[in-house]
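# Coordinates in review
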Amino acid sequence: MAIISGMFGTGKTYFSGSPVIIDISGLEWSGSSPFNIVKIKVLDGSDNIIGDFHADTGGQTAISFNIESALRALWADYDFANEVSAANNAAVATSIAAQSTLRAYRPYSLKLSTEYINSTDNEFTTTESDAVTGGQCMIGRLTEWERYNIATKEDADASHWEGSNLRNGDASTKPTSSPERVGRSSITSWTDVSVSGTTSTFFPAAAPASADASAQHAPIVLRDSIDYQDFLFVNRRGAVETCSAMVKESMDISIETTSYNRVERPTFSPSRSLMAITSGDRRSWDMSSGYVNREWAQWWTSEFLMSKRRWMRMGDKYIPVIITPAKKSVNIYDKTKQQMAHVDFTVTLGLEG
């Protein structure tokens, strides 16, 4: 009887953006079949097929599959609206009550089947197992460095990070070397992982550090004279975090113009003219992390700049934005110079008009 093991079941939750390796052992074949095919189907919580993998084992009794692409598809329809809404509510809150939202892990199951020629009667034979339940995954990924430092692939689950970031939460990637620098009107966040999912908690700007349930997140509040802008972004572990960037004295509006030839009705006079259509009207701002130490500069670069989903607070709403680094390479530190680092970038609205 075939056995499914590896990064599946055992009550663990794995990241959908990292390799998820399923091991199959104990395969049984009949004689010298010209092919020995193993198939794995990945099903979502409603038993819809979201991935189909197959390979010829060459008669071997064990094989492995990477089902990462199927688990990515499992999360393809996820909308961050609830988490952005919770941050909006915290931003306009008049009390110090925190706003939380839970993103439940998504379950999946596996179906195993085999195909081969039975050497006894030379008949084409196929077998299929019942659905094997117990898989669950979350949005996010591990870096190659993190995967390199994990002893076995089975340990690369969400619980591996429990207690890894005491100031910001298990799912946070923010450094613990120094407190977070935020503007006076900025909200702060706490991200955590649990048995049921990832929780993002947003604390209003009016809330003192003691209002944080963890009593471990105490951001530095900057002077009112410094203009800071609030952001939300999805970190590599799939959690929604907050950060505040310093606004430079610069705002641009880009407008693109495309010219076309317009043909008029036939006349003796010139029958062609030019027509111009404008588009764009996208606002952009130059911003900076401000002066930070080496660890925070690396976090701004590898987390905030590399994130695929970001929102900027405008008024009482968070609007999707595009972040472009000011330079192709970011100088994190230079031992020949006694100075702190800063990460500069341009923020462009993801909307026109």
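Provided above is the structure to which this section pertains.
Structure report, in brief. (Residues numbered from 1 in each chain as written. Predicted model: local features only at pLDDT ≥ 70, side-chain atom pairs only at ≥ 80, totals over all residues. Heavy atoms only, no water.)

## Points about the packing of aromatic side chains
With the rule as written, the count across this model stands at 13 aromatic pairs. Relative to Trp-300, the ring of Trp-299 lies with its centre 5.6 Å away and its plane at 85 degrees, an arrangement referred to as edge-to-face. For Trp-300, a relative accessible area of 4% gives the class buried. Three or more aromatic residues joined by ring pairs make a cluster, and in this case those are Phe-231, Phe-233, Trp-296, Trp-299, Trp-300, Phe-304 and Phe-345. Lying over the aromatic face of Trp-161, Arg-237 brings its terminal NZ or CZ to 4.0 Å of the ring centre. (Phe/Tyr/Trp six-rings, centres within 6.5 Å; stacked < 30°, edge-to-face > 60°. Buried < 20%, exposed > 50% of the residue type's maximum accessible area, 1.4 Å probe, protein only. Lys NZ or Arg CZ within 6 Å of the ring centre and 35° of its normal.)

## Section: the pattern of salt bridges
Applying the stated criterion across every chain yields a total of twelve salt bridges. Here Arg-103 and Glu-83 are joined by a salt bridge, their closest N and O atoms 2.9 Å apart. Taken together, the residues Arg-103 in strand β7 (residues 99–104) and Glu-83 in helix α2 (residues 81–91) connect sequence positions 20 residues apart. Neither Arg-103 nor Glu-83 differs from the other in exposure class; each is buried. Between Lys-174 and Glu-180 there is a salt bridge, with the nearest N and O atoms lying 3.0 Å from each other. The class of Lys-174 is buried, set by a relative accessible area of 2%. Through salt bridges that share partners, Glu-146, Arg-236, Arg-237 and Glu-303 make up one connected network. (Salt bridge = Lys/Arg side-chain N within 4 Å of Asp/Glu carboxyl O. Helix = DSSP H or I, 4+ residues; strand = E, 2+ residues; numbered from the N terminus.)

## A closer look at the environment of Ser-5
With respect to the helices and strands, Ser-5 occurs in strand β1 (residues 3–6). The exposure class assigned to Ser-5 is partly exposed, which follows from its relative accessible area of 30%. Excluding its chain neighbours within four sequence positions, the residues that come into contact with Ser-5 are Ile-21, Ile-22 and Asp-23. (Contact = heavy atoms within 4.5 Å.)

All quantities given are derived from atomic positions and should not be read as evidence of function.
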